[in-house]
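Reading the structure
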Amino acid sequence: MSMARTIREFERWRLEQDAKHKTLGFVPTMGYLHRGHLSLIQAAKAENDLVAVSIFVNPTQFGPGEDYERYPRDLQHDYEAAVAAGADVVFHPSAEEIYPSGASTMVEVTGKMTTKLCGASRPNHFRGVTTVVSILFNIIRPDRAYFGQKDAQQAVIIRKMVRDLHLPVQVTVCPIIRDEDGLALSSRNIFLTPQERAQARSLNRGLQKAMEYASSGVDGSRKVSILTKIIRAEIACQPLSAIDYVEILDAETLDELTEIAPDRDALAAVAVRFGSTRLIDSRILSAAPKGEPLLCTSI
Ligand code: PAF
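Fair warning: this is a prediction, and the values are worked out from it, not measured in the lab. (Residues numbered from 1 in each chain as written. Predicted model: local features only at pLDDT ≥ 70, side-chain atom pairs only at ≥ 80, totals over all residues. Heavy atoms only, no water.)

A word on the overall build of the protein
Within the protein one finds nine helices and 10 strands. In terms of overall size, the protein behaves like a compact globule, its C-alpha atoms giving a radius of gyration of 19 Å where 299 residues would be expected to give roughly 19 Å. The proportion of buried residues among the 299 residues of the protein is 50%. Approximately 13,900 Å² of the protein is accessible, and the part contributed by carbon and sulfur atoms is 52%. A gap of 2 Å separates the mean positions of the 35 positive and 37 negative side-chain charges of the protein. (Helix = DSSP H or I, 4+ residues; strand = E, 2+ residues; numbered from the N terminus. Rg over C-alpha atoms; globule rule 2.2 N^0.38 Å. Buried < 20%, exposed > 50% of the residue type's maximum accessible area, 1.4 Å probe, protein only. Areas by Shrake-Rupley, 256 points an atom, 1.4 Å probe, with all protein chains shown as cover. Lys, Arg positive; Asp, Glu negative; His and termini not counted. Charge placed at Lys NZ, Arg CZ, Asp CG, Glu CD.)

Here it is, written out as C-alpha cells:
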C-alpha cells in the first residue's frame, strides 16, 4: 500500500501499474472515512485489479462561511481504514498541488440540475465538485470511479459531466449505507448533539413512509404534493429541525414532477439543518415497490 502526496509521486506509482496492464478503480473522498466510503472501496476492489482512494478536502466546493475549516480530518485513521478495505494507493495532495498558483479553470455543468436542491443554497458548490473530480480523473486516470447515492444530486451531475465531456471513465453509484437507527452515514454526523441525532432519524422515517405510500397503489399515492407532505410532516415536528428543502424530482434528469410515472424512478431528496449541521438524505421512489437498492449501478 502506498501513499502519494504529489502528482509526481502518484504518476510514478501509476506508471508502474500501467506496465502491468491492470484496471484501476477510483474512490474520491474528502476523508474522515466511514462505512459508506469503505463500501465504495470494497465495490471498487471487487471490479478492478487495483484501487486508488483520494483524500482531499476540496476548498472550491465550500462557500464563504461554510465548514471547510472545521470539516473533520483524520489521515492516520483514513489510511488504515482504506488499506483494510482493499485500497492499493491513497492520494492525499495539498490544496496547492491541486490548484497551483494561477490556476483559474473551472468545469461546470450548467443549467437547473446544478442550481436546484443543494445548488440553491450552495451556489458554487457543484462547480467546485465537478472541477476537482475532473482534475482528479486527469491525475488518477481510472477505468472506473465510485460515488455514493448519499450525495444523489452530485452523482447525477457527475454522470452528466462524464457523458457531456466523453470522459473515458465508467461511473458507478453505490447504495446509501445507514446506521442501525436509519441515519445515513455522513462525515458530518459527528457534529450532531445526542438530541439532534435522535431527531435526525426523522429524515429516513419520512423518506421511508413516502416510499411505502408511493408504491401502495392507493388513490393519489403517486402525487408529488402528497408525498412531499408526508416527508415534511415527519421532519417538521422535530423541534430542532430546520428544513432547507424536501423535493421529489425525476431521478435521472432532476426535472420537476407532479406525479411519479409508472415506468420511471423519482428521487425524493431532503436537506435539513440541525443546529449548525446540514444533513442530506434521499430515497428512490417508484410506483412499483422496490425498497432501497442493494447493488451499485454503473453507466
Ligand atoms: O463526495 C465527496 O466527498 C466530494 O464531493 C468529492 C466527490 C470527493 C469531491 O470533492
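With respect to the nonpolar core
Ranked by internal contacts, the top residues of the largest apolar core, which has 43 residues, are Phe10, Phe91, Ile98, Val133 and Phe137. If you tally residues by element for this core, the top one is helix α6 (residues 125–140), at eight residues. Excluding residues within four positions of it along the chain, phenylalanine 137 makes contact with Phe26, Pro142, Ala145, Phe147, Met161, Val162, Leu167 and Val169. (Core = buried A, V, L, I, M, F, W, Y, C linked by side-chain atoms within 4.5 Å. Contact = heavy atoms within 4.5 Å.)

So, the sheet that holds strand β1 (residues 2–4)
To summarise the sheet geometry, strands pair through backbone hydrogen bonds and adopt either a parallel or an antiparallel arrangement. Strand order across the open sheet formed by seven strands is β1-β4-β3-β2-β5-β6-β10, with mixed pairing between neighbours. Here the strands that pair on one side only, and so sit at the sheet edges, are β1 and β10 (297–298). Two elements, strand β2 (residues 24–29) and strand β5 (residues 144–148), share two bridges in a ladder whose sense is parallel. Across the sheet, the residue bridging to glycine 25 is arginine 144, located in β5. Against the sheet, helix α7 (residues 152–164) engages β5, β6 (170–174) and β10, with an angle of about 170° to β6. (Pairing = 2+ DSSP bridges. Axes fitted to C-alpha atoms, helices over the stretch in contact; angles between N-to-C directions.)

Some details on the site of the ligand
In the vicinity of the ligand, the contacting residues are Pro28, Thr29, Met30, Asn58, Gln61, Val129, Val132, Asp151 and Gln154. A distance of 2.6 Å is found between an oxygen atom of the ligand and a side-chain nitrogen or oxygen belonging to glutamine 61. Glutamine 154 is positioned such that a nitrogen or oxygen atom in its side chain is 2.7 Å from an oxygen atom of the ligand. Notes on the ligand: free accessible area 290 Å², of which the protein chains cover 90%. For the shell around the ligand, the secondary structure elements donating two or more residues are β2 and α6. Its residues placed into classes, the shell around the ligand shows four nonpolar, four polar and one charged. (Near = heavy atom within 4 Å. Polar contact = N/O pair within 3.5 Å; in protein donor to acceptor, adjacent residues only side chain to side chain. Nonpolar A, V, L, I, M, F, W, Y, C, P; charged D, E, K, R; others polar.)

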